[in-house]
Amino acid sequence: KKYIPKYLSIIRCIDKRFETGEIYIKWDDAIEADWLILIYIKNNSPDEGIIIEDKTDPENHTTHEFQPNEIFNASDIMVVPSRIDNLPQTAMEAQSCGVPVVGFNIAGMEDVVLNNKTGYLVDPFDTKKLSDKIFHLINNKKIKEDFSIK
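Here is what the cut-offs are and how they apply
- Residue positions are given per chain, counting from 1 as you read along its sequence in written order.
- Selection of residues for local features in this predicted model requires a pLDDT of at least 70, selection of side-chain atom pairs for listing and counting requires 80 or more, and totals for whole chains, interfaces and linings are taken over all residues.
- Excluding hydrogens and water, the side-chain values take into account all heavy atoms of the structure.
- For helices the rule is a DSSP run of H or I covering at least 4 residues; for strands it is a run of E covering at least 2, with both sets numbered from the N terminus onward.
- Buried residues are those whose accessible area, probed at 1.4 Å on protein chains only, stays under 20% of the maximum for their type, while exposed residues exceed 50% and partly exposed ones sit between those limits.
- Every residue pair with non-hydrogen atoms within 4.5 Å of one another is taken to be in contact.
- Each accessible area value is a Shrake-Rupley result obtained with a 1.4 Å probe; residue values ignore everything except the protein chains displayed when judging cover.
- Strand pairing follows a simple DSSP-based rule, namely that at least 2 bridges must link the two strands.
- Between N-to-C directions, angles cover 0 to 180 degrees, with each direction set by a line fitted to C-alpha atoms, over the stretch in contact for helices.
- Think of it this way: a Phe, Tyr or Trp ring, Trp meaning its six-membered ring, pairs with another when their centres are within 6.5 Å, and the plane angle makes it stacked under 30 degrees, edge-to-face over 60, tilted otherwise.
- Lysine and arginine charges are scored as sitting over a ring when NZ or CZ, respectively, is within 6 Å of the ring centre and within 35 degrees of the ring normal.
- Only buried residues count toward a nonpolar core. Its members are Ala, Val, Leu, Ile, Met, Phe, Trp, Tyr and Cys residues joined through side-chain atoms within 4.5 Å.

Asker: Is there a simple way to explain the overall build of the protein in this structure?
Answerer: Looking only at helices and strands, the protein has five helices and eight strands in total. When its helices and strands are written in sequence order, the protein yields β-β-β-β-β-α-β-α-β-α-β-α-α. For the protein, the proportion of its 150 residues judged to be buried stands at 33%. Across the protein, every contact between residues at least 6 apart in sequence was considered, and the portion connecting residues at least 24 apart equals 20%. By element, 54% of the accessible surface of the protein is carried by carbon and sulfur atoms, the whole surface being about 9,900 Å².

Below, the structure is given as structure tokens:
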């Protein structure tokens, strides 16, 4: 857990993936039990989807379930910042839904992402270039659409 001071952020993410598979989002100064949004993988199996529990409206606690293809179809860009990945399945799934992928040019990624055609591959571990390419896609609708062709 990282503490983010109130003057830097009004919300905080408590990431418990390694402990329980859950990610909580809460107000920065609230106690841990007073979370606003809880995100977790259904039955600990990514193929079954993702559950989002929403308590932002105290009178209407809602739960939303999303299948993997719904998540990709609602996405603009898939960022895969893996350091090692022989077969990046998430990149393949994103592209099958027409979502362009940005990642490092490592073994596996170069077999899945066609650089400058279905996404961008940057020099391994150059986070500045990775960030630049993400923002380039966000700010260039035509290129993003060209990369998104299924």
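Alright, that's what it looks like, and here's the rest.
Asker: Can you walk me through the environment of Gly98 in this structure?
Answerer: Position of Gly98 relative to the elements: it lies in the loop between α2 (89-96) and β7 (101-104). Residues Gly98 and Asp76, spaced 22 residues apart in sequence, show a C-alpha to C-alpha distance of 9.1 Å.

Asker: Would you mind going over the pairing of strand β4 (residues 50-54) with me for this structure?
Answerer: Working note: regular strand, side chains alternate between the two faces of the sheet. Relative to β4, strand β3 (residues 35-41) runs antiparallel, the two being bridged by five bridges. Paired with Tyr40 across the two strands is Ile51, which belongs to β4. As paired strands, β4 and strand β5 (residues 62-66) are joined by five bridges and run antiparallel to one another. Opposite Ile52, over in β5, you have His64 as the bridge partner.

Asker: Before we go on, may I ask you to explain the sheet that holds strand β6 (residues 78-80) in this structure?
Answerer: Strand pairing in a sheet relies on backbone hydrogen bonds. The paired strands run either parallel or antiparallel. With respect to topology, three strands assemble into an open sheet ordered β6-β7-β8, the strand pairing being parallel. One side of each edge strand has no neighbouring strand; the edge strands of this open sheet are β6 and β8 (119-122). The mean angle between the axes of side-by-side strands here comes to 10°, regardless of whether they run parallel or antiparallel. Where β7 lies against β8, four bridges are found, and the strand directions are parallel.

Asker: I'm lost on the packing of aromatic side chains in this one. Help?
Answerer: Given two aromatic rings, one states the distance between the centres and the angle between the planes to describe the pair. Summed over the entire model, instances satisfying the criterion amount to two aromatic pairs. Arranged with centres 5.1 Å apart and planes meeting at 75°, the rings of Tyr120 and Phe147 form a pair that is edge-to-face. Residue Tyr120 is found in strand β8, and its partner Phe147 is found in helix α5 (residues 141-147); the two are separated by 27 residues along the sequence. Look at Phe147 and you get buried, because its relative accessible area is 8%. Residue placement shows Arg83 over the ring face of Phe125; its charged tip is 4.3 Å from the ring centre. Positioned above the aromatic ring of Tyr120, the side-chain terminus of Lys133 is 4.3 Å from the ring centre.

Asker: Please explain unusual backbone geometry as it appears in this structure.
Answerer: A positive phi angle is found at Asn116, which is not glycine, with a value near 70°. With respect to the helices, strands and loops of the structure, Asn116 is situated in the loop between α3 (109-112) and β8. For Asn116, a relative accessible area of 48% translates into the label partly exposed. The residue Phe125 is not glycine, and still its phi comes out positive at about 70°. A residue is classified by how much of its surface remains accessible, and Phe125, at 40% relative accessible area, is partly exposed.

Asker: What am I meant to see in the nonpolar core here?
Answerer: Looking at soluble globular proteins, one finds that nonpolar side chains tend to be buried together. With 22 residues, the main nonpolar core has Met78, Val101, Val102 and Met109 as its most contacted residues. Elements with a contribution of two residues or more to this core: β6, α2, β7, α3, β8 and α4 (127-139). Those residues within four positions of Val102 in sequence are excluded, and the remaining contacts are Ile77, Met78, Val79, Val80, Tyr120, Leu130, Lys133, Ile134 and Leu137.

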